[in-house]
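A structural walkthrough
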Amino acid sequence: MTRIAALITAGLLAVAAPALAGDTPAPEGADVYFVNLSDGATVEAPVTVVFGLKGMGVAPAGTEKENTGHHHVLVDRPPLGEGPDGAEELNTSLPADENHIHFGGGQTQVSLDLEPGEHTLQLVLGDMNHVPHDPPVTSEVITITVE
Ligand SMILES: [Cu+2]
């Protein structure tokens, strides 16, 4: 490949990448929030977490429908956009592991069996492909203490 062809290919990739993900729009005023927990709360395990959503609807993962998404709980990790991959994670499917719990069935609450101690929680809405919306619909990060 010539140098010029390589540059053109790289340019095309750079232009194409953002369109592949993170481009599901969220309506103005959309918000996700903790219904039953507040920052600094002390609770007992298992911890019931109820997800609140306004301005959008809940739909199972894989559902292509405007202004919908499914819930995720981020546990004990930096706020979305400040993880190891930085802002890149705003355009990427959320991983599925103990720090990123998906509710692809459209669930609106969970009972978390957290170890005693301090934990941080954040709610993040994801689109049909588990990618945050544009702009991302996220709650504040709360810190709770599990007794
Ligand atoms: Cu998901």
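The numbers attached to residues start from 1 for each chain and follow its sequence in the written order. Owing to the predicted nature of the model, reporting of local features is limited to residues with pLDDT of at least 70; listing and counting of side-chain atom pairs is limited to 80 or more, with chain, interface and lining totals taken over all residues. The side-chain values count all of the structure's non-hydrogen atoms but skip hydrogen atoms and water molecules.

**Looking at the overall build of the chain**
Helical segments are the DSSP runs of H or I of at least four residues, strand segments are the runs of E of at least two, and each set is numbered from the N terminus. A count of helices and strands for the chain gives one helix and nine strands. Counting from the amino terminus, the chain carries its helices and strands in the arrangement α-β-β-β-β-β-β-β-β-β. Throughout, exposure labels follow a simple rule: accessible area from a 1.4 Å probe, protein chains only, divided by the maximum for the residue type, with under 20% read as buried, over 50% as exposed, and the rest as partly exposed. Looking at the chain as a whole, 35% of its 147 residues qualify as buried. In what follows, residue pairs with any heavy atoms lying within 4.5 Å of each other are defined as contacts. Taking contacts inside the chain between residues at least 6 apart in sequence as the whole, the part at least 24 apart equals 68%. Here the open area of atoms and residues is found with the Shrake-Rupley method and a 1.4 Å probe, where only the protein chains shown may cover a residue. Summed over all atoms, the accessible surface of the chain reaches about 8200 Å², with 54% contributed by carbon and sulfur.

**Comments concerning the coordination of the copper ion**
Sites may look incomplete, because water is not among the atoms used; the donor set itself consists of N, O and S atoms within 2.8 Å of the metal (3.2 Å for Na, K and Ca). Summarising the metal site, the copper ion is bound by the protein donors His-70 (NE2), His-72 (NE2), His-102 (ND1) and His-130 (ND1), whose distances to it range over 2.0 to 2.1 Å. Considering all four donor atoms around the copper ion, the spread of angles at the metal, 91 to 157°, places the coordination shape in the irregular class. Written as a sequence motif, the donor arrangement for the copper ion is H-x1-H-x29-H-x27-H. Of this pair, His-70 sits in strand E5 (residues 68-75) while His-130 sits in the loop between strand E8 (117-126) and strand E9 (142-146); the two residues are 60 residues apart in sequence, bridging distant segments of the chain. Here His-130 falls in the partly exposed class, since its relative accessible area comes to 25%. Just to be clear on the cut-offs, tetrahedral is four donors with all angles between 85 and 135 degrees, square planar is four donors and octahedral six with opposite donors over 155 degrees apart and all others between 65 and 115, and anything else goes down as irregular.

**Brief notes about the pattern of salt bridges**
Salt bridge, as applied in this entry: a Lys or Arg side-chain nitrogen positioned within 4 Å of an Asp or Glu carboxyl oxygen. Scanning the model with the defined rule gives one salt bridge in all. The closest approach of N and O atoms between Arg-77 and Glu-89, which form a salt bridge, is 2.8 Å. Placement of the pair is Arg-77 in the loop between E5 and strand E6 (100-102) and Glu-89 in the loop between E5 and E6, with a sequence separation of twelve residues.

**Thoughts on the packing of aromatic side chains**
Each aromatic ring pair is specified by the distance between its two centres and by the angle formed by the two planes. For Phe, Tyr and Trp, where Trp contributes only its six-membered ring, two rings pair if their centres lie within 6.5 Å, and the inter-plane angle classes them as stacked under 30 degrees, edge-to-face over 60, or tilted in between. Following the criterion strictly, the structure yields one aromatic pair and no others. Centroid distance Phe-51 to Phe-103: 4.9 Å. Interplanar angle 55°. Geometry classified as tilted. One end of the pair, Phe-51, is in strand E3 (residues 47-54); the other, Phe-103, is in the loop between E6 and strand E7 (109-112), with 52 residues separating them in the sequence. As far as the burial class goes, Phe-51 and Phe-103 line up, both buried.

**Topic: the nonpolar core**
Where a protein is soluble and globular, its nonpolar side chains tend to be buried together. Membership of the largest hydrophobic core comes to 25 residues, with the highest contact counts inside it found for Leu-37, Val-47, Val-49, Leu-121 and Ile-144. Secondary-structure elements contributing two or more residues to this core are strand E1 (31-34), E3, E5, E7, E8 and E9. With four residues, the top contributor of residues to this core is E3. If we ignore the near neighbours within four places in the chain, the residues touching Leu-37 are Val-43, Val-47, Thr-48, Val-49, Leu-121 and Ile-142. Nonpolar cores are built from buried Ala, Val, Leu, Ile, Met, Phe, Trp, Tyr and Cys residues. Side-chain atoms within 4.5 Å join them into one set.

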